[in-house]
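Below are the chains, spelled out letter by letter.
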Amino acid sequence: MSTTGQDVWPTRASARELLRLAWPLILGNSFWTLQIVLDRILLSRLSSRDVGAALSAALIFWTVLTLFQYTANYAITFVAQYTGAGQPRRVGAVVGQAMWFSVVSGLAFLLLLPLIGPVVALMGHTPELQELESTYLRILCFSGLPTLITSACGAFFAGRGDSRTVLFVNAAGLLVNGACASLLIFGLYGFPALGIAGAGWATVLGTSTSAVLSLALVLRRRHREEFGNGVNWGFDRELFLRLMRFGAPNGIGVALDALAFTVFLALIGRLGEVELAATSIAGTLNLLAVLPMMGVGQAVEVLVGQRLGEDRPDEAARSAWTGAVFSFGFTLLVAVAYVLVPETLALPFRNEADGARWGEVQAVVPLLLRFVAVYCLFDSLNMVFSFALRGAGDTRFVTALAIALAWPIMVLPTWASWYYGWGLYWAWGFASLYIVLLALTFLLRFVQGRWRNMRVIERAGEEAPPGGAETLAPPTVAAEL
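Residues numbered from 1 in each chain as written. Predicted model: local features only at pLDDT ≥ 70, side-chain atom pairs only at ≥ 80, totals over all residues. Heavy atoms only, no water.

Chemist: Go over the overall build of the chain, please, and point to the residues and values.
Modeler: Counting secondary structure elements, the chain contains 18 helices and zero strands. By the burial criterion, 59% of the 481 residues in the chain qualify as buried. A fraction of 84% describes how many contacts in the chain between residues 6 or more apart in sequence connect residues 24 or more apart. As displayed, the chain has an accessible area near 18600 Å², and 67% of this comes from carbon and sulfur atoms. (Helix = DSSP H or I, 4+ residues; strand = E, 2+ residues; numbered from the N terminus. Buried < 20%, exposed > 50% of the residue type's maximum accessible area, 1.4 Å probe, protein only. Contact = heavy atoms within 4.5 Å. Areas by Shrake-Rupley, 256 points an atom, 1.4 Å probe, with all protein chains shown as cover.)

This is the structure in structure tokens:
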């Protein structure tokens, strides 16, 4: 069945429903954007080298963490479909399985500490950059466990449509992070001046605050009684394996995408520190468009899951198209700003102490923002339709696409740009092409409509299907595509 007919186009009612769920998620992701930008601005007061090192280390950290985070957080689709199907006790049970996974993987995350030096060395950056990257990355590893706990708890709230609690939890953590960052980076009010290490410890304190708060809210009495939170968190082998069946491909797909961008950044760093700093600034400014619209994508995932749980695929499609219209419109406004006022946007990163180096960086950033202005429009569609497919359970396709496109379209051509001396703009051109193709492929997959028959949950009163959604058993990557 087509998903582009008049029966699924956005309506005022679908727009109100989406925005009611999405605005706390948009605001929460905007807080994250502001915090990341603020951290980069504070670090730029030290040097542009610190800015580049922070982005490189953060990408390595998130490449590993997203594998676990997006596996645990995929419980949001289970919660949404169970909510739509009217099975509250199964909501608590699947959150418990996500919590088991989060705690074990969060503790295992610390095993990466001895590997940080060799991993950073693989990026081939200067010794000064490697020292800064290693310092920041070691500290970030301690934020893995609290981040995963927050993700599992967040799935409980967001999957049921309670996005305001998610906003509250994230805002509390970000306030702690923001307050501690300036104190610890520069050593204000008697605190030691830790530089880039201070930014790392501020992140640990902020994520720990969110974890403690979200866990306390999940275990409130009314949630224990209605959903079985805490008391219904025993290990359920069948449900845990089903969460892994759908959640692991989701985590792998996101991690492979993050890995591709990490390698891309490492290759950019080999072009030079000016190129790396300019890419870091342009990438940070790109978050002004990406992270807020991620909130729209998350809302679409929840609504698609709930409507499929209710067996209303047309309404699921309407929610996705509503999200696409809203996301594209907002991103278009940001793209215009990238083109018209790039120098103004880059001004907060200015560091007079860098002298001539800052002048070189300042000359490159506006050109990179033109690339961003083009590809972010496609990325807005990528954000919505990839989350819509996740809300149905089509996670294997997402993973297959990351494998099929990222390396041949972006990573290998970027390596060639460095090896053969083509330069920075060729590398950015290939990265932009990757995002464009990714968005168009997700759109085509959604329009084809296979997701309409997919489910990750069992029917009420029935045993869970042995293979999960019957449409999700492709034998090869080629079959998925």
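Chemist: So, the packing of aromatic side chains: which residues are in play, and what are the values?
Modeler: Overall, the coordinates contain 30 aromatic pairs when judged by the stated rule. Ring centres of W100 and F235 lie 6.2 Å apart, and the angle between their planes is 85°; this geometry places the pair in the edge-to-face category. Of this pair, W100 sits in helix α4 (residues 88-108) while F235 sits in the loop between α10 (221-227) and α11 (237-271), and the two are 135 residues apart along the sequence. Measuring from ring centre to ring centre gives 6.2 Å for F371 and W428, while their planes differ by 50°; the resulting arrangement is tilted. (Phe/Tyr/Trp six-rings, centres within 6.5 Å; stacked < 30°, edge-to-face > 60°.)

Chemist: Would you mind going over a nonpolar patch on the surface in detail, with residue names and values included?
Modeler: Judged by side-chain polarity, F328, L332, V336, V339, L340 and V341 come together as a nonpolar surface patch covering roughly 490 Å² of accessible area. Mapped onto the fold, V341 is located in the loop between α13 (313-340) and α14 (342-346). (Patch = residues over 30% accessible without salt bridge, like charges linked within 9 Å, V, L, I, M, F, W, Y side chains within 5 Å. Salt bridge = Lys/Arg side-chain N within 4 Å of Asp/Glu carboxyl O.)

Chemist: For the nonpolar core, give the residues involved together with the corresponding values.
Modeler: Taken as a class, soluble globular proteins show a tendency for nonpolar side chains to be buried jointly. Counting residues in each nonpolar core, the largest one holds 107 residues, and the members touching the most others are F78, Y338, W428, F446 and W451. The element best represented in this core is helix α15 (residues 356-392), accounting for 16 residues. Counting residues in hydrophobic clusters, the runner-up holds 29 residues, among them A58, I60, L129 and C141. (Core = buried A, V, L, I, M, F, W, Y, C linked by side-chain atoms within 4.5 Å.)

Chemist: Any chance you could break down helix α17 (residues 424-448) for me, citing the residues and the numbers?
Modeler: The α-helix advances 3.6 residues per turn, and as a result positions three or four apart in sequence lie on the same side. Along its 25 residues, α17 runs 37 Å from first to last C-alpha, staying within 8% of the 36 Å computed at 1.5 Å per residue. Just downstream of α17, G449 is the residue with a positive phi angle, here 85°. (Expected span 1.5 Å × (residues − 1).)

Chemist: Tell me about the environment of G117, and name the residues and values.
Modeler: As for its placement among the helices and strands, G117 is situated in helix α5 (residues 116-121). Remark: the alpha-carbon pair of G117 and S134, spanning 17 residues in sequence, is separated by 6.3 Å.

Chemist: Tell me what's going on with the pattern of salt bridges, and back it up with residues and numbers.
Modeler: Within this structure, the stated rule accounts for 12 salt bridges. R307 serves as the salt-bridge partner of E310, at 3.4 Å between the closest nitrogen and oxygen. What makes E310 partly exposed here is its relative accessible area of 31%. Taking relative accessible area as the criterion, R307 reaches 8% and is therefore assigned buried. R318 is the partner of E315 in a salt bridge, and the nearest nitrogen-oxygen pair spans 3.2 Å. Separated by three residues within a single helix, E315 and R318 lie in helix α13, roughly one turn from each other. R318 gets classed as buried once you look at its relative accessible area, which sits at 13%. Sharing partners across several salt bridges, the network here consists of R90, D236, E238, R242 and E458.

Chemist: An account of the confidence of the model for the chain is needed here, citing residue identities and associated values.
Modeler: Averaged over every residue, the pLDDT of the chain is 85; residues scoring 70 or more account for 89%. The lowest-confidence element of the chain is helix α18 (residues 477-480), averaging 27 in pLDDT; the highest-confidence one is helix α3 (residues 75-84), averaging 95. Confidence over residues 1-6 falls short of pLDDT 50; this stretch has 17 contacts with residues more than four positions distant or in other chains. Long-range and interchain partners of residues 463-481, a stretch whose pLDDT sits below 50, account for 38 contacts in this model, where long-range means more than four residues apart. (pLDDT = per-residue confidence, 0-100.)

Chemist: Any details on the packing of helix α7 (residues 144-159) against helix α8 (residues 163-186)? Residues and values, ideally.
Modeler: Relative orientation of the contacting elements α7 and α8 amounts to 155°, with a least axis distance of 8 Å. In this view, α7 runs roughly antiparallel relative to α8, as classed from their interaxial angle. Of the residues in α8, those in contact with T150, G154, F157 and A158 of α7 are T165, V166, V169 and N170. Class assignment for the residues of the contact of α7 with α8 results in four nonpolar, four polar and no charged. (Axes fitted to C-alpha atoms, helices over the stretch in contact; angles between N-to-C directions. Parallel < 35°, antiparallel > 145°, perpendicular 65-115°, else oblique. Nonpolar A, V, L, I, M, F, W, Y, C, P; charged D, E, K, R; others polar.)

Chemist: Kindly report on the packing of α4 against α11, identifying the contributing residues and their values.
Modeler: Packing of α4 against α11 leaves a shortest axis separation of 9 Å and a crossing angle of 70°. As summarised for this structure, α4 and α11 are arranged roughly perpendicular, according to the angle between their axes. Regarding α4 and α11, the two cross each other, and that crossing is right-handed. Within the contact between the two elements, α4 uses R90, A93, V94, Q97, A98 and F101 and α11 uses E238, L239, F240, R242, L243 and M244. Classifying every residue of the contact of α4 with α11 by side-chain character gives eight nonpolar, one polar and three charged. (Left-handed = near helix turned anticlockwise from the far one by under 90°.)

Chemist: Can you lay out the side chain of T71 for me, pointing to particular residues and giving the numbers?
Modeler: Topologically, T71 is positioned in helix α2 (residues 48-72). Look at T71 and you get buried, because its relative accessible area is 2%. A distance of 2.6 Å separates a polar atom in the side chain of T71 from the backbone oxygen of L67. Look past the residues within four positions of T71 in its chain and what remains in contact with it is T66, F101, L243, M244, G247, A248 and G251. (Polar contact = N/O pair within 3.5 Å; in protein donor to acceptor, adjacent residues only side chain to side chain.)

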